[in-house]
Amino acid sequence: MEFKLKLKFSQQVLVLLCIPVIFQFIFVGLLWNNLVGLEQCYKRERNVSDILGDVSRFITQLMTSAGSQVIFQVSREKKDFQNFENTIEAIDIQSKTLASKLEAQKMIGAESREFSRICQMLRRSIEKGRQAVDSQDRVDAMVAYMHLRKAIAKNMVMSKQV
């Protein structure tokens, strides 16, 4: 049984014109899909850039706090102590901001837990720094410095992984 499709000339022309149009629709669909994927990549890049900026501000606050503590220990002036307290508050605010952004990004649980551990280390080192300021003991100051240095090093490692 033989089946032959007999089309009129106008139908043949129509079929010939439809084939490129169908391919154009396919290409436009593929381009649209790539555009959507590119937009998602840009959003992820922007979010990671925001997080890295927050990490940078967090590290800056840590350094500022350490400097404020040293300045207060040398000067023993009330305004320097207030600056030290303000930097500690800024660290706390920045760590909460960074933690919320990490959670919003649905970062891997291990990274989020590691950041929480770093924040706990920082809180302990800040408490040790306050003890050193209160007691004026050099051993307390060195312990606080070592804790802070270790927390900063861990934070730097984590910021490179983000």
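Residues numbered from 1 in each chain as written. Predicted model: local features only at pLDDT ≥ 70, side-chain atom pairs only at ≥ 80, totals over all residues. Heavy atoms only, no water.

1. Overview of the overall build of the protein
We apply this condition: In DSSP terms, a helix is any run of H or I states spanning at least four residues, a strand is any run of E spanning at least two, and both are numbered starting from the N terminus. With a 1.4 Å probe rolled over the protein chains alone, any residue whose accessible area is under 20% of its type maximum counts as buried; one over 50% counts as exposed, and the rest are partly exposed. Residue contacts are counted whenever heavy atoms from the two residues lie within 4.5 Å of one another. Here the open area of atoms and residues is found with the Shrake-Rupley method and a 1.4 Å probe, where only the protein chains shown may cover a residue.
Across its full length, the protein holds four helices and zero strands. The buried share among the 162 residues of the protein stands at 23%. For the protein, the share of sequence-separated contacts (at least 6 apart) that also reach a separation of at least 24 residues comes to 71%. Only carbon and sulfur atoms are counted for the fraction: they give 61% of the accessible area of the protein, which is about 11800 Å².

2. Remarks on the nonpolar core
Applicable threshold: For this analysis, a nonpolar core means a set of buried residues of the types Ala, Val, Leu, Ile, Met, Phe, Trp, Tyr and Cys, connected via side-chain atoms within 4.5 Å.
In terms of nonpolar packing, the biggest core is built from 18 residues, with F58, L62, L98, F115 and L122 touching the most fellow members. Of all elements in the fold, only α1 (9–75), α2 (78–104), α3 (109–135) and α4 (138–161) reach the threshold of two or more residues within this core. Of the residues forming this core, the biggest block, six residues, is contributed by α3.

3. Some remarks on α1
The line we're drawing: By this rule, a helix spans an expected 1.5 Å times one less than how many residues it contains.
End to end, α1 covers 98 Å across 67 residues, agreeing with the expected 99 Å (1.5 Å per residue, within 8%). Listing the buried residues of α1 in full gives I51, D54, V55, F58, I59, L62, S65, S68, Q69 and F72. The first or second residue beyond α1 is R76, which carries a positive phi of 60°.

4. Here we look at the packing of α1 against α2
The geometry of a pair of packed helices is captured by two quantities: the angle between their axes and the separation between those axes. For the record, the criterion: Note on method: axes are straight lines fitted to C-alpha atoms, helices fitted across the in-contact stretch only, with angles between N-to-C directions ranging 0 to 180 degrees. Each angle receives one of four descriptions, namely roughly parallel if under 35 degrees, roughly antiparallel if over 145, roughly perpendicular if within 65 to 115, and oblique otherwise. Two helices cross in a left-handed way if the nearer one is turned anticlockwise from the farther one by less than a right angle. They cross in a right-handed way if the turn is clockwise. The classification used treats Ala, Val, Leu, Ile, Met, Phe, Trp, Tyr, Cys and Pro as nonpolar, Asp, Glu, Lys and Arg as charged, and all other residues, Gly among them, as polar.
Contact geometry for α1 and α2: axes closest at 8 Å, N-to-C directions at 160°. Here α2 runs roughly antiparallel to α1, going by the angle between their axes. Two packed elements cross with a definite hand, and for α1 against α2 that hand is left-handed. Across the contact of α1 with α2, the residue classes tally to 13 nonpolar, eleven polar and five charged.

5. A word on the environment of R123
You can see R123 is positioned in helix α3. With 25 residues separating them along the chain, R123 and L148 place their C-alpha atoms 9.2 Å apart. Non-local contacts of R123, meaning those with residues more than four positions away in its chain, are made with D92 and S95.

6. Here's the deal with a nonpolar patch on the surface
We count it as follows: Patch criteria: residues need more than 30% relative accessible area and no salt bridge. Like-charged residues are merged within 9 Å; nonpolar side chains of Val, Leu, Ile, Met, Phe, Trp and Tyr are merged within 5 Å. Salt bridge, as used here, is a side-chain nitrogen of Lys or Arg placed within 4 Å of a carboxyl oxygen of Asp or Glu.
A cluster of nonpolar side chains, L5, L7, V15, I19, I22, F23, I26, F27 and L30, forms an exposed patch at the surface whose accessible area comes to about 860 Å². Relative to the helices and strands, L30 is located in helix α1.

7. Structural notes on the packing of aromatic side chains
Heads up, the condition is: Ring pairs are drawn from Phe, Tyr and Trp, using the six-membered ring of Trp, whenever the two centres fall within 6.5 Å, and their geometry is named by plane angle: stacked under 30 degrees, edge-to-face over 60, tilted for the rest.
Following the criterion strictly, the structure yields one aromatic pair and no others. With centroids separated by 6.5 Å and ring planes inclined at 50°, the aromatic side chains of F81 and F84 adopt a geometry described as tilted. Of this pair, F81 and F84 are both found in helix α2, three residues apart, which corresponds to roughly one turn of the helix.

8. Section: the pattern of salt bridges
All chains considered together, the criterion is met by four salt bridges. Note that E39 is salt-bridged to K43, the shortest N-O span being 3.9 Å. Of the two residues, E39 and K43 are both situated in helix α1; the distance of four residues between them amounts to about one turn of the helix. One network of salt bridges, in which partners are shared, links D54, R57 and K101.

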